[in-house]
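Here is how the chains run, residue by residue.
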Amino acid sequence: MADTDAGSSAWHQRALAEIVRWSWLKDLTDRTTAVVDPVYDRFRSNPVLELMHGGRWLGHSLHPALSDLPIGLWSATLLLDAAGQDVPQAGSRLDPSSTLSAAGLAAAAATAATGVADWSVSDAEDRRAGLFHGLLNGAGTLLQGASLAARLSGHRPTGRALGAASLTVTVAAAYLGGHLVQGRAVMVNRVATHTGPQRWVRAVAEDDLPVGATTGVEVEGRRVLLHRTDGEVLALDDVCSHAGALLHRGEVRDCTVVCPLHFSVFDLRDGRIVRGPAHHPQPVLPARVRNGFIEVRGSAPRSRRSSN
């Protein structure tokens, strides 16, 4: 009985593992990557592209928020259909259901654009699963477009059926998108729980980090980037908040570090995002030179008592 329960509780994991193994999906991902990546690299520094990510302006990805719009609008369309409220007023071809369907299609276009932007900075299995997620959403959008066309041409029963099919496919796509975030940790803050060490800890000998040098160390299980300038030592969480790459392997210039994986840029002095696609700033650690060693400590725990 226990084995059966364990197997049924992990059906979604087995399903996703099977999806990303499909050979046709791998081939399509490779071909799509070959087209999208050069375009993305060309416009990487464009502020419009950063806005599509959400990034430093919103603090999180814009795509999940936009995805609620077509799902909500098309759900309302189905509800109006069920209530018999899909009848236009005299002299008009656009009924309430058609209006919501059209608004959902407009929202789907913006959602798709931001989804492609986020997909461009995914990797490996997540990229294949993300592409399948996009294909399902594309199919749902096409069905909704066909539904709207049928409604406007007077074929309302057909429009209702196509609308219901569209929402079904879209909800399946949303489930897969939710699994990418909740199960695969795509687009989440990879350093949200990093706080230690809670005391000053020796990280590296002072002589091993000359002025201008950068290194990565591990102190009490936490990876830390150290960079020495002419007047101070800067310490930053070494794990990129966007996708978990080690920042000390990237290029350091003018007190900024470039992530070697997706080329986000962080300020070493305060951890702020200089350029996306990262959504969350890097935690900064206090650092000091003492008795011939460079020491660091983690974020001090906040008091639970009100400051008032």
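Residues numbered from 1 in each chain as written. Predicted model: local features only at pLDDT ≥ 70, side-chain atom pairs only at ≥ 80, totals over all residues. Heavy atoms only, no water.

A. How the structure looks around the packing of helix α6 (residues 63-82) against helix α7 (residues 96-119). Relative orientation of the contacting elements α6 and α7 amounts to 160°, with a least axis distance of 8 Å. In terms of axis orientation, α6 runs roughly antiparallel to α7. Crossing angle aside, the handedness with which α6 passes α7 is left-handed. (Axes fitted to C-alpha atoms, helices over the stretch in contact; angles between N-to-C directions. Helix = DSSP H or I, 4+ residues; strand = E, 2+ residues; numbered from the N terminus. Parallel < 35°, antiparallel > 145°, perpendicular 65-115°, else oblique. Left-handed = near helix turned anticlockwise from the far one by under 90°.)

B. Representation of unusual backbone geometry within the structure. The omega torsion across G196 and P197 is -5°, close enough to zero to call that bond cis. Looking at the element boundaries, P197 is found in the loop between α9 (156-182) and β1 (201-205). In this structure, P277 follows G276 across a cis peptide bond, with omega equal to 25°. Among the secondary structure elements, P277 is positioned in the loop between β8 (273-275) and β9 (284-285). Not every positive phi belongs to a glycine, and A185 is a case in point at roughly 60°. Secondary-structure assignment places A185 in the loop between α9 and β1. Here A185 falls in the partly exposed class, since its relative accessible area comes to 26%. You will see that E220, though not glycine, has its phi angle at about 50°, which is positive. (Buried < 20%, exposed > 50% of the residue type's maximum accessible area, 1.4 Å probe, protein only.)

C. Seen up close, the sheet that holds strand β2 (residues 214-219). Within the open sheet, the four strands sit side by side as β2-β3-β4-β9. Their pairing is antiparallel. The open sheet is flanked by β2 and β9, the only strands paired with a single partner. Sheet topology note: the β2/strand β3 (residues 222-228) ladder contains six bridges and is antiparallel. When the bridges of β3 are listed, T214 appears paired with H227. (Pairing = 2+ DSSP bridges.)

D. Local environment of the environment of V201. Relative to the helices and strands, V201 resides in strand β1. In sequence terms V201 and L49 are 152 residues apart; their C-alpha atoms lie 40 Å from each other. Each residue touching V201, except ones within four places of it in the same chain, is listed here: V219, E220, I294, E295 and V296. (Contact = heavy atoms within 4.5 Å.)

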